[in-house]
Amino acid sequence: MAGRDVAKIPCPFCGRLVDRLIEGMCEDCYVERHPLVKVKETRVLRCRYCGALFIRGRWIREGRGGVEELAAKVLSDKASVSGAIERIEASQSYDGLTARVVVKGSPHPSIEPRLFTYVLTFEYVYDICNSCREMLSRREVAVLQIRGYPRGIENDVKKKIIFIIEQELYKLKDKKIGFISDIKDLKNGIDIYTTNANLARHLAYVIHRQFPSVVTETAKVVGVKDGRKIYHMTYSVRIATYKPGDVIVLKGEKMAVTSINNKYVVLHLSERGRYEQLSISELLRSEVTFIGQH
Ligand SMILES: [Zn+2]
Ligand SMILES: [Zn+2]
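Residues numbered from 1 in each chain as written. Chains lettered and ligands numbered in written order. Predicted model: local features only at pLDDT ≥ 70, side-chain atom pairs only at ≥ 80, totals over all residues. Heavy atoms only, no water.

## Focus: helix H4 (residues 155-171)
Part 1 of the reasoning: Across its 17 residues, H4 extends 24 Å between first and last C-alpha, which sits within 8% of the 24 Å expected from 1.5 Å per residue.
Part 2 of the reasoning: For H4, the secondary structure elements touched by its buried residues are strand S11 (142-149), strand S12 (180-186), strand S13 (189-194), helix H5 (197-210) and strand S15 (228-240). (Helix = DSSP H or I, 4+ residues; strand = E, 2+ residues; numbered from the N terminus. Expected span 1.5 Å × (residues − 1). Contact = heavy atoms within 4.5 Å.)

## Quick word on the packing of aromatic side chains
Part 1 of the reasoning: Taken as a whole and assessed by the stated rule, the structure comprises six aromatic pairs.
Part 2 of the reasoning: Pairing Phe54 with Trp59 gives two aromatic rings, centres 5.0 Å apart and planes at 50°, and the pair type is tilted.
Part 3 of the reasoning: Given the relative accessible area of 15%, Trp59 is considered buried.
Part 4 of the reasoning: When the centroid spacing of 6.0 Å and the interplanar angle of 75° are considered together, the rings of Tyr242 and Phe290 count as edge-to-face. With a gap of 48 residues between them, Tyr242 in the loop between S15 and strand S16 (246-250) and Phe290 in strand S20 (residues 288-293) connect regions that are remote in the sequence.
Part 5 of the reasoning: For Tyr242, a relative accessible area of 5% gives the class buried.
Part 6 of the reasoning: For Arg238, the ring lying beneath its charged end belongs to Tyr149, and the centroid distance is 5.8 Å. (Phe/Tyr/Trp six-rings, centres within 6.5 Å; stacked < 30°, edge-to-face > 60°. Buried < 20%, exposed > 50% of the residue type's maximum accessible area, 1.4 Å probe, protein only. Lys NZ or Arg CZ within 6 Å of the ring centre and 35° of its normal.)

## So, the coordination of the zinc ion (ligand 1)
Part 1 of the reasoning: Protein-derived coordination of the zinc ion (ligand 1) comes from Cys11 (SG), Cys14 (SG), Cys26 (SG) and Cys29 (SG), at a distance range of 2.2 to 2.3 Å.
Part 2 of the reasoning: What the four donor atoms of the zinc ion (ligand 1) show is an angle range of 106 to 112° at the metal, which sorts the shape as tetrahedral.
Part 3 of the reasoning: Mapped onto the polypeptide sequence, the residues donating to the zinc ion (ligand 1) form the spacing pattern C-x2-C-x11-C-x2-C. Residue Cys11 is located in the loop between strand S1 (9-10) and strand S2 (17-18), and its partner Cys26 is located in the loop between S2 and helix H1 (27-33); the two are separated by 15 residues in the primary sequence. Comparing Cys11 with Cys26, the two get one shared label, buried. (Donors = N, O, S within 2.8 Å, 3.2 Å for Na, K, Ca; no water. Tetrahedral: all angles 85-135°; square planar, octahedral: opposite > 155°, others 65-115°.)

## Some remarks on the domain arrangement of the protein chain
Part 1 of the reasoning: Taken domain by domain, the protein chain comprises domain 1 (9-127), domain 2 (140-240) and domain 3 (246-293).
Part 2 of the reasoning: On a C-alpha basis, the centroid separation for the pair domain 2 and domain 3 is 27 Å.
Part 3 of the reasoning: Counting from both sides, the interface comprises 13 residues of domain 2 and, opposite them, twelve residues of domain 3.
Part 4 of the reasoning: Across the interface of domain 2 and domain 3, roughly 950 Å² is buried in total on both sides, 60% from carbon and sulfur atoms.
Part 5 of the reasoning: Among the residues of domain 2 in contact with domain 3, Arg151, Pro212 and Val214 are the three that bury the most area, contributing 42% of the side total.
Part 6 of the reasoning: Arg151 is the partner of Asp246 in a salt bridge, and the nearest nitrogen-oxygen pair spans 2.7 Å.
Part 7 of the reasoning: Here domain 2 and domain 3 share four residue pairs in polar contact (both at pLDDT 80 or more) between them.
Part 8 of the reasoning: Put simply, the parts of the chain that give the side of domain 2 that touches domain 3 at least two residues each are H5, strand S14 (213-225) and S15.
Part 9 of the reasoning: It is S14 that provides the largest number of residues to the side of domain 2 that touches domain 3, a total of four residues. (Domains from an automatic or database assignment. Buried area = accessible area lost by both parts, 1.4 Å probe. Salt bridge = Lys/Arg side-chain N within 4 Å of Asp/Glu carboxyl O. Polar contact = N/O pair within 3.5 Å; in protein donor to acceptor, adjacent residues only side chain to side chain.)

## Section: the coordination of the zinc ion (ligand 2)
Tetrahedral metal sites with four donors have an ideal angle of 109.5 degrees; octahedral sites with six donors have ideal angles of 90 or 180 degrees.
Part 1 of the reasoning: Of the protein atoms, only Cys47 (SG), Cys50 (SG), Cys129 (SG) and Cys132 (SG) coordinate the zinc ion (ligand 2), at distances of 2.3 Å.
Part 2 of the reasoning: Metal-centred angles of 106 to 113° between the four donor atoms at the zinc ion (ligand 2) mark the site as tetrahedral.
Part 3 of the reasoning: Considered as a linear motif, the donors of the zinc ion (ligand 2) on their single chain read C-x2-C-x78-C-x2-C.
Part 4 of the reasoning: Using a relative accessible area of 32% as the deciding quantity, one classes Cys50 as partly exposed.

The following block contains the structure:
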């Protein structure tokens, strides 16, 4: 019996001589190429205020089970595990979550089930959870309403507005002037909620400078605190969305828009055969009947 050599086969992947190959490779190479835990999605949404994670369609906060319990929930959503999870050690930072997972199982029927350890990393992508959003909206003290007249605001203009606002917020990032708690994209414009009235006013004038528009402010008393009135401020930016060729009736007279810029509109009074220049503010504050393109 002794001295009976078992023929060894080289593994085509690592070159080691082994007794048998599993699907054309040694057991170590097989195990390495067939992990029991496969990550399907590495990105996880996280609330920038409370740290809740968005898992299986819900915002989950860290409970008594700590970050390990959170990691287990992330795994159940973002990874597939074949085998039994024996242990999880996890840690998180601003950038993401790292989990060291010990799984008992086997990647192949001819491999004895045993413990395998995997280190998985998930990247955090920041957002605001529902309850923080609600909390912020209760703190919201001002709204900036952007509307178009006589036409609504087109999508590419909306994108431009959002871009201008993002750039402005970036410029203001070191000044403590509050923040935007919500942006609502509406059919006829955009509503931007802020936690600070000065921020809403500032943004209103930034938008105003870039478009033919007028700004109006309204204050509404929403309550009294410590004997002082609490106001809810609305800053409304009305953007003139007239185009050359539009026909309007102004002060009973029919006229056509020939050009429009951020300051003036030039109108052609066809009946009198002359042109008139009107400031955007005069145009938007006058009673105008919009007829349409001619
Ligand atoms: Zn091998
Ligand atoms: Zn939150």
